[in-house]
Amino acid sequence: MFKPGKILIVGAGIGGLCAAIALAQIGAEVDVIDIKPDNSVPGVGWGLRTNGLRALREIGLLEQTLAIGFPTPPLSYYDRNGRHVVDIPYGRKFDGMPNNVQLPRLGFLEMASARALEAGCTIMMATTAVDIQQDATGVTVELSDGTSRRYDLVIGFDGINSQIRGYLFGEKYVPVRSGGVAWRAPVRAPETLKGAVFCHGFGGKVGFVPLVGGMMYVIVTHFEPGRPRHDPAAFAQIMHQRAREMMGDSTFMAEAIDSLRTAPNVAYTPLDTVMVPNPWYRGRVMIMGDAAHAMTPYLGSGAAMAIEDGVVFAKLLPAGDTLYDVQTRFMARRYPRVKTIWDISLQMMHEEFDSATPEALERRLAHLVNEEPAAIDYVSRILESEY
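All of the points below concern the structure found in this document. (Residues numbered from 1 in each chain as written. Predicted model: local features only at pLDDT ≥ 70, side-chain atom pairs only at ≥ 80, totals over all residues. Heavy atoms only, no water.)

1. Some thoughts on the overall build of the protein chain
Threshold: Segments assigned H or I by DSSP are reported as helices when at least four residues long, segments assigned E as strands when at least two residues long, and all are numbered from the N terminus. The reference for a compact globule is 2.2 Å times residues^0.38; the radius of gyration itself is calculated from the C-alpha atoms. Residues are treated as being in contact if the distance between any of their heavy atoms lies within 4.5 Å. Counting rule for charge: Lys and Arg are taken as positive, Asp and Glu as negative, and neither His nor the chain ends is counted. Charge placement uses NZ in Lys and CZ in Arg. For Asp and Glu, CG and CD serve respectively.
Helix and strand counts for the protein chain stand at 12 helices and 19 strands. Radius of gyration (C-alpha) of the protein chain: 21 Å, near the 21 Å computed for a compact globule of 387 residues. Judged by the C-alpha coordinates and their principal axes, the protein chain covers about 65 × 45 × 40 Å. In the protein chain, the proportion of contacts linking residues at least 24 apart, taken out of those at least 6 apart, comes to 73%. With 37 positive and 42 negative side-chain charges, the protein chain shows a spacing of 2 Å between the two charge centroids.

Here is the structure:
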């Protein structure tokens, strides 16, 4: 029988911190390490739908999340000239919760870190695992601070370029280029922006997503062949150029797009993916979140899937089974659900990019009206189901 004793979480991001809280709630002694010196994140927001909010409720973070979040009305799609195309809801509302909330990433990480510390977790930033050796009774981890610690379990929540995934599988499951990229930047929101607005242009979209405090984040997604190396000092200008290329000479949201020229924090993300097949563990070392299943952001569910991972695992541990039995049941619950969302998210990205000509763009807009609502409703019902 496996008892949740001392557990190391590698990665102090959204998934890792939520897993640490969930495990601490069942009595585990949890250390969290992260290679970054702090959790500052340049200029990005993120969304969380009903399933993610339910998981946060289980670890006591729901009320604080709603306090810093912006509940959003249905997605509003426009064409590049500002003509309204369709509104698509995020799904049904449950238990008095909104069906989607937009959140400041840094604000959430600060809040989750504080909650983890309150739960008794130890967080060590600027710290990495130098060496990992496991045996039948535990895992010995040598840390970059020179200490050596013994754990009953190590879980890698260390992102798409996971060190722990490399320890488990070598170079077998490395990030794969999906062909898409995303640019994100925070700017002042116009007073008229009450919900997320997405403008579909040639070969991609420009989105305007409100946050609390009169801010919004702008997101530009498009196909980008190869892997160019952009100068970070030029990110703002490049993001503005990509948005203008997509929107042409349209004046719709022109002032917001022009504000990108001087955006102070622009994040550029190649939309690489990873999907590690079942199982995500070898002995007493596991991976979860983006380390196991990094997906494109087209269903806004990557972070929610990572949060679910940790919450589900913590719920399974106290059952009194062996670690192997817990891991097997965890994979039976998580892999089919995550793989379905991963597949649909990638498919939706490719469908969006198939709009690079005037004729293709018209077909894409017709798809948004006639087919996308049913597809999103299908996904919403999957997300609403038990995780």
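2. Things to note about the packing of aromatic side chains
Keep this limit in mind: A pair of Phe, Tyr and Trp rings is counted when the ring centres sit within 6.5 Å of each other, with Trp represented by its six-membered ring. The angle between the planes then sorts it: under 30 degrees is stacked, over 60 is edge-to-face, the rest tilted. Partly exposed residues are those whose accessible area sits between 20% and 50% of the maximum for their type, while under 20% is buried and over 50% is exposed, using a 1.4 Å probe and protein chains only.
Enumeration over the complete set of coordinates arrives at 12 aromatic pairs. Ring centres of W183 and Y268 lie 4.5 Å apart, and the angle between their planes is 45°; on these two criteria the pair is classed as tilted. Linking W183 in strand β13 (residues 176-188) with Y268 in strand β17 (residues 267-273), this pair joins segments that are 85 residues apart in sequence. Of the two residues, W183 and Y268, neither departs from the other in class, the shared state being buried. Put simply, the rings of W280, F313, F330 and Y335 touch in pairs and so form one group of aromatic residues.

3. Some details on the pattern of salt bridges
Stated formally: By salt bridge we mean one thing: a side-chain nitrogen of Lys or Arg within 4 Å of a carboxyl oxygen of Asp or Glu.
All told, the structure shown has 19 salt bridges when counted by the stated rule. Where E29 meets K6, a salt bridge forms, and the shortest distance between an N and an O atom there is 3.9 Å. One end of the pair, E29, is in strand β2 (residues 29-34); the other, K6, is in strand β1 (residues 6-10), and 23 residues separate them in sequence. The residue D343 makes a salt bridge to K339 at a minimum N-O spacing of 2.8 Å. Remark: K339 and D343 occur in helix α10 (residues 323-353); sequence separation between them is 4 residues, near one turn of the helix. Ionic contacts of the salt-bridge type, sharing partners, join the residues R177, E224, R227 and D272 into one network.

4. Details of the nonpolar core
Within soluble globular proteins, side chains that are nonpolar tend to cluster in buried spots. Heads up, the condition is: We define a nonpolar core as any set of buried Ala, Val, Leu, Ile, Met, Phe, Trp, Tyr and Cys residues linked to one another through side-chain atoms lying within 4.5 Å.
Counting 112 residues, the largest nonpolar core has I9, L23, F108 and F313 as the members making the most contacts within it. At 13 residues, the largest contribution of residues to this core is made by α10. Here F313 is in contact with L23, L153, I155, M286, M288, L323, V326, Q327 and F330, once residues within four sequence places are set aside. Grouped together as the second largest cluster of nonpolar side chains are 27 residues, F208, V220, M239 and I257 included.

5. Let's talk about the environment of A22
In this structure, A22 sits in helix α1 (residues 14-25). According to the relative accessible area criterion, A22 is buried, its value standing at 4%. Sequence-wise, A22 and G60 are 38 residues apart; in three dimensions their C-alpha atoms are separated by 9.2 Å. Aside from chain neighbours lying at most four places away, what touches A22 is I59, G310, V311 and A314.

6. Looking at empty space enclosed by the protein
Counted only if it meets this: Here a cavity is any set of points on a 1 Å grid over the protein atoms alone where a 1.4 Å probe fits but cannot get out, and a pocket is any open set with protein on both sides within 12 Å along at least 5 of 7 lines; a residue lines the site when it has an atom within 4 Å of a point. Grid points are joined across faces, edges and corners, and a volume is the space filled by probe spheres set on the points.
All told, the structure shown has 1 cavity of 30 Å³ or more when counted by the stated rule. Space inside the largest cavity adds up to approximately 50 Å³. Looking at the largest cavity, the residues that line it are R49, T50, N51, R54, Y90, N99, S380, L383 and E384. Every element with two or more residues in the lining of the largest cavity is listed here: α2 (50-58) and α12 (372-384).

7. Remarks on unusual backbone geometry
In this chain, N278 is followed by P279 through a cis amide linkage whose omega measures 10°. Tracing the backbone shows P279 in the loop between β17 and β18 (281-282). Phi is positive for A126, close to 55°, though the residue is something other than glycine. Tracing the backbone through its elements, the reader meets A126 in the loop between β8 (122-125) and β9 (129-134).

8. Observations regarding the sheet that holds strand β7 (residues 100-104)
How we decide: The criterion for strand pairing is that DSSP finds at least two bridges linking the strands in question.
On the basis of which strands lie adjacent, the open sheet formed by 3 strands has the order β3-β7-β4 and antiparallel pairing. Each edge of the sheet is formed by a strand with only one pairing partner; in this case those strands are β3 (45-49) and β4 (70-71). Both β4 and β7 contribute to a ladder of 2 bridges, which runs antiparallel. Of the residues in β7, the one forming a bridge with P71 is V101.

9. Remarks on helix α4 (residues 105-118)
Which entries qualify depends on this criterion: Expected span, for any helix, means 1.5 Å times one less than how many residues it has.
Look at α4: 20 Å from first C-alpha to last across 14 residues, which is about the 20 Å you get at 1.5 Å a residue. Burial in α4 covers these residues: F108, L109, M111, A112, S113, R115 and A116. Where α4 is buried, its residues meet α1, β3, α2, α3 (62-68), β7 and β8.

These results come straight from atomic positions and should not be treated as a statement about function.
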